[in-house]
Amino acid sequence: MANVVVVGAQWGDEGKGKIVDWLSSRADVICRFQGGHNAGHTLVVDGTVYKLHALPSGVVRPGKLSVIGNGVVLDPWHLVKEIETIRAQGVEISPETLMIAENTPLILPIHGELDRAREEAASKDTKIGTTGRGIGPCYEDKVGRRAIRVADLADAATLEARVDRALQHHDPLRKGLGIAPVDRAALMAALKEIAPKVLEYAAPVWKVLSEKRKAGTRILFEGAQGALLDIDFGTYPFVTSSNVIAGQAAAGTGMGPGAIDYVLGIVKAYTTRVGEGPFPSELFDADGDRLGERGHEFGTTTGRKRRCGWFDAALVRQTCATSGVHGISLTKLDVLDGFETLKICVGYELDGKRLDYLPFASEQQARCVPVYEELEGWSESTEGARSWADLPGAAVKYVRRIEELIGCPVALLSTSPERDDTILVTDPFAD
């Protein structure tokens, strides 16, 4: 049976939540493998809107197992609140439907405080645009071998030792930033109080998934953010703190690379970005405003307005390569309805040379000038289309041209936030 990895192939906000939810009907297990609650997925099911940040998108589907893998960093207090919110919307969540890897690092209040203090202290040119939720500092503690993990909550002595080790690092940092030392007693009390609410979901995820795979269970791996925010292959330093590309699905859940059979890249029919960093095809005119208004481009997690621009085929071709994408899901095509002319960025001009990729050097990225190809737009509505026959000819040509430019076929086409407004071309779970 095929196992599928879903990754964002731009700067995030591509519509992964809906696609993962849609694919969940074909899967048995849905796994988050990286990121934290800085990610936001909005699902619209039968008119009900679910906003998820820490929970896998599969939780809204009955009978599925949702898994938070070790590659995720988890805020336990946020998790408990999110579970309560989703339960209030009628979704059943229990240890039978949700599992958290025992080796998942925990985001503590001190991580968020450090995150925000650093961003406030940064100059305009060095601000990253972080959400301030402590994701980066938690990953730093993980790599620095001072993180507190889910399993540590089960033993008081271990927890005490882990907290002491973490504070040896954090208190000097806080002093340098003008923040008061950590209230150790208050932190310990908070951890002991939240511990049983998290531990009831703890499990050896690597073992469970290995057994599920051997039994022929279909597994869907759900990424957060987008490949252009990858710590290695994104627009560094304006990136997230984890690997976002598809290869992380194996390391972030404890499964080997052989467990991945198909990689689906989620791609918006235009381009958006939240926060700082280079954006070659960004628009600062009425067309950019129109994309933002029609696409409701505000972050699910932060509410921040997203920057908008034309589709960048050079960047998506790049991310399809680094994630080994087999097919893409093109979303928000309906946002382009009514544009007389559309543009696609096919490469860049840099110092008189033509490039078909975005270089890694930040100063070169900032100087790249987009090279555009123009296509005819369409006046008809594509919203809610569920077959190719429902699409205007110009819309079909636009989609086909994207396929040619990125060197990857469209497997799914999404025409609204509603779950069923999706055109299936290739089933990623096909044997």
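Nothing here was measured: the structure is a model prediction, and the numbers come from that model. (Residues numbered from 1 in each chain as written. Predicted model: local features only at pLDDT ≥ 70, side-chain atom pairs only at ≥ 80, totals over all residues. Heavy atoms only, no water.)

Looking now at unusual backbone geometry. Cis geometry is adopted by the peptide bond preceding Pro237, which originates at Tyr236 and carries an omega value of 10°. Looking at the element boundaries, Pro237 is found in the loop between strand E8 (219-222) and helix H8 (248-251). The phi dihedral of Asp13 falls on the positive side, at around 60°, and the residue is not glycine. Among the structural elements, Asp13 can be located in the loop between strand E1 (4-8) and helix H1 (16-24). You will see that Lys332, though not glycine, has its phi angle at about 60°, which is positive. In this fold, Lys332 is placed in the loop between strand E13 (327-331) and strand E14 (341-350). (Helix = DSSP H or I, 4+ residues; strand = E, 2+ residues; numbered from the N terminus.)

It is at 7 Å that the axes of helix H3 (residues 109-121) and helix H4 (residues 135-143) come closest, and there the two elements cross at 115°. In the crossing of H3 with H4, the sense of the turn from one axis to the other is right-handed. Where H3 abuts H4, its residues His111, Leu114, Asp115 and Arg118 lie against Ile135, Pro137, Cys138, Glu140 and Asp141. The residue inventory of the contact of H3 with H4, partitioned by class, reads four nonpolar, one polar and four charged. (Axes fitted to C-alpha atoms, helices over the stretch in contact; angles between N-to-C directions. Left-handed = near helix turned anticlockwise from the far one by under 90°. Contact = heavy atoms within 4.5 Å. Nonpolar A, V, L, I, M, F, W, Y, C, P; charged D, E, K, R; others polar.)

Looking now at the pattern of salt bridges. If you walk through the whole model with that rule in mind, you get 21 salt bridges. Between Arg162 and Asp152 there is a salt bridge, with its nearest N and O atoms 3.4 Å apart. Placement of Arg162 in helix H5 (residues 156-176) and of Asp152 in the loop between H4 and H5 is noted, with a sequence separation of ten residues between them. Note on Arg162: relative accessible area 35%, which makes it partly exposed. With its nearest N and O atoms 2.6 Å apart, the salt bridge here joins Lys207 to Glu211. Pair noted here: Lys207 and Glu211 are both in helix H7 (residues 205-214), with a separation of four residues, about one helical turn. Residue Lys207 is classed as partly exposed on the basis of its relative accessible area, which comes to 38%. Look at the salt bridges and you will find they share partners, linking Asp13, Lys268, Glu297, Arg306 and Lys332 into a network. (Salt bridge = Lys/Arg side-chain N within 4 Å of Asp/Glu carboxyl O. Buried < 20%, exposed > 50% of the residue type's maximum accessible area, 1.4 Å probe, protein only.)

Pairing in this open sheet of ten strands is mixed, and the strands run E7-E6-E5-E2-E8-E1-E9-E13-E17-E18 from one edge to the other. With partners counted over all chains shown, the strands left at the sheet margins are strand E7 (202-203) and strand E18 (422-424), one partner each. In this sheet, E13 lies alongside strand E9 (residues 262-268) in parallel orientation, the contact comprising five bridges. Paired with Lys268 across the two strands is Thr331, which belongs to E13. (Pairing = 2+ DSSP bridges.)

On to the environment of Asp289. Relative to the helices and strands, Asp289 is located in helix H9 (residues 286-294). When the C-alpha atoms of Asp289 and Arg307 are compared, they prove to be 9.0 Å apart, with 18 residues separating the residues in sequence.

One pair of aromatic rings is described through two measures. These are the centre distance and the angle between the planes. Going through the model one piece at a time under the given rule, you end up with four aromatic pairs. Ring plane angle 75° and centroid distance 5.8 Å describe the contact between Trp310 and Phe339, whose orientation is recorded as edge-to-face. Of the two residues, Trp310 sits in the loop between strand E11 (307-309) and strand E12 (311-312) while Phe339 sits in the loop between E13 and E14, which places them 29 residues apart along the sequence. This pair shows no difference in class: Trp310 is buried, exactly as Phe339 is. One cation-aromatic arrangement involves Arg26 over Trp22; the distance from NZ or CZ to the ring centre is 4.4 Å. (Phe/Tyr/Trp six-rings, centres within 6.5 Å; stacked < 30°, edge-to-face > 60°. Lys NZ or Arg CZ within 6 Å of the ring centre and 35° of its normal.)

Mapped onto the fold, Thr415 is located in the loop between strand E17 (410-414) and E18. Among the residues examined, Thr415 registers a relative accessible area of 0% and is labelled buried. A distance of 2.8 Å separates the side chain of Thr415 from the backbone oxygen of Ala385, its partner in a polar contact. (Polar contact = N/O pair within 3.5 Å; in protein donor to acceptor, adjacent residues only side chain to side chain.)

Once that is clear, we can look at the nonpolar core. Formed by 58 residues in total, the largest nonpolar core has its most connected members in Phe311, Ile328, Leu333, Ile344, Tyr398 and Ile406. Take this core: its biggest share by element is seven residues, from helix H12 (residues 393-406). Counting 36 residues, the second-largest nonpolar core is a separate cluster that includes Ile68, Ile86, Val198 and Tyr201. (Core = buried A, V, L, I, M, F, W, Y, C linked by side-chain atoms within 4.5 Å.)

Before going further, it helps to examine the packing of H3 against H5. As a packed pair, H3 and H5 sit with axes 11 Å apart at the nearest point and diverge in direction by 30°. One element, H3, and the other, H5, form an angle in the roughly parallel class. Judged by the twist between their axes, the crossing of H3 over H5 is left-handed. Contacts between H3 and H5 pair Ile110, His111, Glu113, Leu114 and Arg118 from the former with Leu167, His170, Leu173 and Arg174 from the latter. (Parallel < 35°, antiparallel > 145°, perpendicular 65-115°, else oblique.)

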